[in-house]
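Listed here are the chains, written in short residue letters.
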Amino acid sequence: MPAPRTLGRLSVLHSWAGIVTGLLLFIVCLSGAVLVFRHEIDLWANPSLARLPRSERPAPLDTVLAQLHQRYPGATVESIALPDAVNPNYFAWVRERGAPAHRRTKVALRSDSGAVVGPVDNQLGQFLRMLHVFLFFGPRTIVGFLGVVMLVLIGTGIVIHRKILAELFTQRWGRSPRVVLSDLHKCTGIWGLGFHLLIATTGAWMGLAPLFERGYQYLSLGTAAESMASAAARQSAAAAAAIAASMPSLDALHAAAQRAVPGLRTRQVSLRRWGSSTAEVGFGGHLDNHLGSTARVEFDAATGLLKNLRDPRSRGFWSQVDSLMEPLHFGDFGGLALKWLYFMLGLSAALLALSGTLIWLDMRQQRQRAAQARVAAPAHGPPVAG
């Protein structure tokens, strides 16, 4: 059992970690809870897309790409999202000629014919994702740091509230607002403990792991290798701008990707420098009967040669762990019932951040009132005898 001084320090750490990050944690947890339904939200916000027919045999990728080039001549098609269990349509992200690199248009296409429907006007789901993952001003390491703070809050909360089983059903509704909030805060934390640990751990991993990976690569390869890579990238870009090439069939490359990674369920096709001699294409998605979400196959599109293959089933332990982080964090692997469970538990995490902040503010007001009462007490005390 920790000493009283240790408990006091942990309580101070718990309070200050919560109050400093409380608003950001509330925003991240609330947006994350709603983000579970991001695909359904996009369809709800664009009812015309939800009414389009779903095809059991979607149009070929070559047809989709040809329709995009016909509708947006001279534009760069950066990626194509395939129809899935929720979305009945193709979606493509297009950067029109002369547009800044960060400005892309999301375009919907029919799954049966590949015909362009038009730009997607309402992207509420993407708005929520930018809020949850990047807080709009990014980078993602900020949200990763909040995941670490959430783990600290969970750890200190477990030590501070040692009588977990006794407090499991404690909710004194008839008491003062602070007592009601305090009981609600503890009960919510206890009942959602496993989920909150999962969300905090996966969020911290996805936000901070790339930072450590880049640091390791920098220390391993050094600045010389980085300079050489930058020079090679500039030369490739120049060659791509100067030399055009006839592209192979996108569907043929897709078939080759599925042969390279059996069971690949492609969700996204990324295109880089398409139409040039340095064109590349990548196929990423899930695996049949596997939770991992980071399967990916990349080709030199001009030659059809395999450049990179990522199959979590055949890689090391940490690669397999990394492949589990995103599906475990967003809960998009178990159907609608699991999404509703993630939504409710995500709201409980937001409630923890909100109730913790309100409890701290109420205690602060009580301390201020007590201090004012002590200062005023001598002025209203009994008269002193002469």
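Check the entry above for the structure.
The present account deals with the structure reproduced in this document. Note that the coordinates shown come from a computational prediction; the quantities given were computed from them, not determined experimentally.

1. Describing the overall build of the protein chain
Helices and strands together make up the secondary structure of the protein chain, namely 12 helices and 8 strands. Out of the 386 residues in the protein chain, the part that is buried amounts to 38%. Partitioning the intrachain contacts of the protein chain with sequence separation of at least 6 by distance along the chain shows that 61% fall at a separation of at least 24. In the form shown here, the protein chain has an accessible surface area of approximately 21,500 Å², with 63% of it arising from carbon and sulfur atoms.

2. Details of the pattern of salt bridges
Where charged atoms from two side chains of opposite charge come close, those side chains can pair. On inspection of all chains with the given rule, the structure shows 16 salt bridges. Across the pair Arg 38 and Asp 332 runs a salt bridge, and its minimum N-O distance is 3.8 Å. Separated by 294 residues along the polypeptide, Arg 38 in helix H2 (residues 38-45) and Asp 332 in the loop between helix H11 (317-330) and helix H12 (335-376) bring together distant segments of the chain. A salt bridge links Lys 307 to Glu 280; its shortest N-O distance comes to 2.5 Å. Within this pair, whereas Lys 307 is found in strand S8 (residues 305-310), its partner Glu 280 is found in strand S6 (residues 280-287), the two being separated by 27 residues in sequence. Through salt bridges with shared partners, a single network forms among Arg 272, Arg 273, Glu 280, Arg 296, Glu 298 and Lys 307.

3. A word on the side chain of Thr 21
By secondary structure assignment, the location of Thr 21 is in helix H1 (residues 4-35). Using a relative accessible area of 8% as the deciding quantity, one classes Thr 21 as buried. Of the polar contacts made by the side chain of Thr 21, one reaches the backbone oxygen of Ala 17; its length is 2.6 Å.

4. Remarks on a nonpolar patch on the surface
Judged by side-chain polarity, Leu 13, Phe 145, Val 148 and Val 152 come together as a nonpolar surface patch covering roughly 310 Å² of accessible area. For the nonpolar patch, the element with the most residues is helix H6 (residues 141-160), which contributes 3 residues. Position of Val 152 among the secondary structure elements: in helix H6. Judged by relative accessible area, which is 32%, Val 152 ranks as partly exposed.

5. So, the packing of helix H8 (residues 177-191) against H12
The interhelical angle for the contact between H8 and H12, taken along N-to-C directions, is 150 degrees, at an axis separation of 9 Å. Our pair here, H8 against H12, has a crossing hand that is left-handed. Residues Arg 178, Leu 181, Ser 182, Leu 184, His 185, Thr 188 and Gly 189 of H8 form the contact with H12, whose participating residues are Ser 348, Leu 351, Leu 352, Ser 355, Gly 356, Leu 358, Ile 359, Asp 362, Met 363 and Gln 366. A breakdown of the residues in the contact of H8 with H12 according to their chemical character gives 7 nonpolar, 8 polar and 2 charged.

6. Side note on the nonpolar core
Looking at soluble globular proteins, one finds that nonpolar side chains tend to be buried together. Leu 68, Ile 80, Val 269, Val 281 and Phe 283 are the most contacted members of the largest nonpolar core, which has 32 residues in total. Sorting the residues of this core by element identifies helix H4 (61-71), strand S1 (76-81), strand S2 (90-95), strand S3 (105-109), helix H10 (250-260), strand S5 (264-272), S6 and strand S7 (290-300) as the ones contributing at least two each. Excluding its chain neighbours within four sequence positions, the residues that come into contact with Val 281 are Leu 250, Leu 253, Val 269, Ser 270, Leu 271, Trp 274, Val 297, Glu 298, Phe 299 and Ala 301.

7. So, unusual backbone geometry
The backbone of Leu 135 sits at a positive phi, close to 55 degrees, despite the residue not being glycine. Note on placement: Leu 135 falls in the loop between helix H5 (124-134) and H6. Here Asn 289, not a glycine, exhibits a phi torsion of approximately 60 degrees, which is positive. Tracing the backbone shows Asn 289 in the loop between S6 and S7. Accessibility expressed as a relative area gives 83% for Asn 289, which makes it exposed.

8. Let's talk about the environment of Asp 62
Among the structural elements, Asp 62 can be located in helix H4. A residue is classified by how much of its surface remains accessible, and Asp 62, at 29% relative accessible area, is partly exposed. C-alpha separation for the pair Asp 62 and Leu 250, spaced 188 residues apart in sequence, amounts to 5.6 Å. Not counting residues up to four positions away in its chain, the partners in contact with Asp 62 are Ser 249, Leu 250 and Asp 251. Within the local environment of Asp 62, its side chain forms a polar contact with the backbone nitrogen of Leu 250, the two atoms lying 2.7 Å apart.

9. Looking at the packing of aromatic side chains
In this structure the tally under the stated criterion is 9 aromatic pairs. Seen in terms of ring centroids, Trp 340 and Phe 343 are 5.6 Å apart; in terms of plane orientation they differ by 90 degrees. Their pairing is edge-to-face. With Trp 340 and Phe 343 both in helix H12 and 3 residues apart, this pair spans about one turn of that helix. Cation over ring: Lys 106 sits above Phe 91, and NZ or CZ is 4.5 Å from the ring centre.

10. Description of H8
With 15 residues, H8 should cover 21 Å at 1.5 Å per step; its first-to-last C-alpha distance of 21 Å lies within 8% of that length. Val 179, Val 180, Asp 183, His 185, Lys 186, Cys 187, Thr 188, Gly 189 and Ile 190 are the residues of H8 that are buried.

11. What to know about H10
Every buried residue belonging to H10 is among Leu 250, Leu 253, His 254, Ala 256 and Ala 257, and all of these are buried. The buried residues of H10 occupy an angular sector of 160 degrees when projected down its axis, which confines them to one face. You can read the cap of H10 off the contacts: a side-chain oxygen lies 3.2 Å from the backbone nitrogen of Asp 251, and it is on Ser 249.

Rules used in this analysis
- Residues numbered from 1 in each chain as written.
- Predicted model: local features only at pLDDT ≥ 70, side-chain atom pairs only at ≥ 80, totals over all residues.
- Heavy atoms only, no water.
- Helix = DSSP H or I, 4+ residues; strand = E, 2+ residues; numbered from the N terminus.
- Buried < 20%, exposed > 50% of the residue type's maximum accessible area, 1.4 Å probe, protein only.
- Contact = heavy atoms within 4.5 Å.
- Areas by Shrake-Rupley, 256 points an atom, 1.4 Å probe, with all protein chains shown as cover.
- Salt bridge = Lys/Arg side-chain N within 4 Å of Asp/Glu carboxyl O.
- Polar contact = N/O pair within 3.5 Å; in protein donor to acceptor, adjacent residues only side chain to side chain.
- Patch = residues over 30% accessible without salt bridge, like charges linked within 9 Å, V, L, I, M, F, W, Y side chains within 5 Å.
- Axes fitted to C-alpha atoms, helices over the stretch in contact; angles between N-to-C directions.
- Left-handed = near helix turned anticlockwise from the far one by under 90°.
- Nonpolar A, V, L, I, M, F, W, Y, C, P; charged D, E, K, R; others polar.
- Core = buried A, V, L, I, M, F, W, Y, C linked by side-chain atoms within 4.5 Å.
- Phe/Tyr/Trp six-rings, centres within 6.5 Å; stacked < 30°, edge-to-face > 60°.
- Lys NZ or Arg CZ within 6 Å of the ring centre and 35° of its normal.
- Expected span 1.5 Å × (residues − 1).
- Arc of directions from axis to C-beta.

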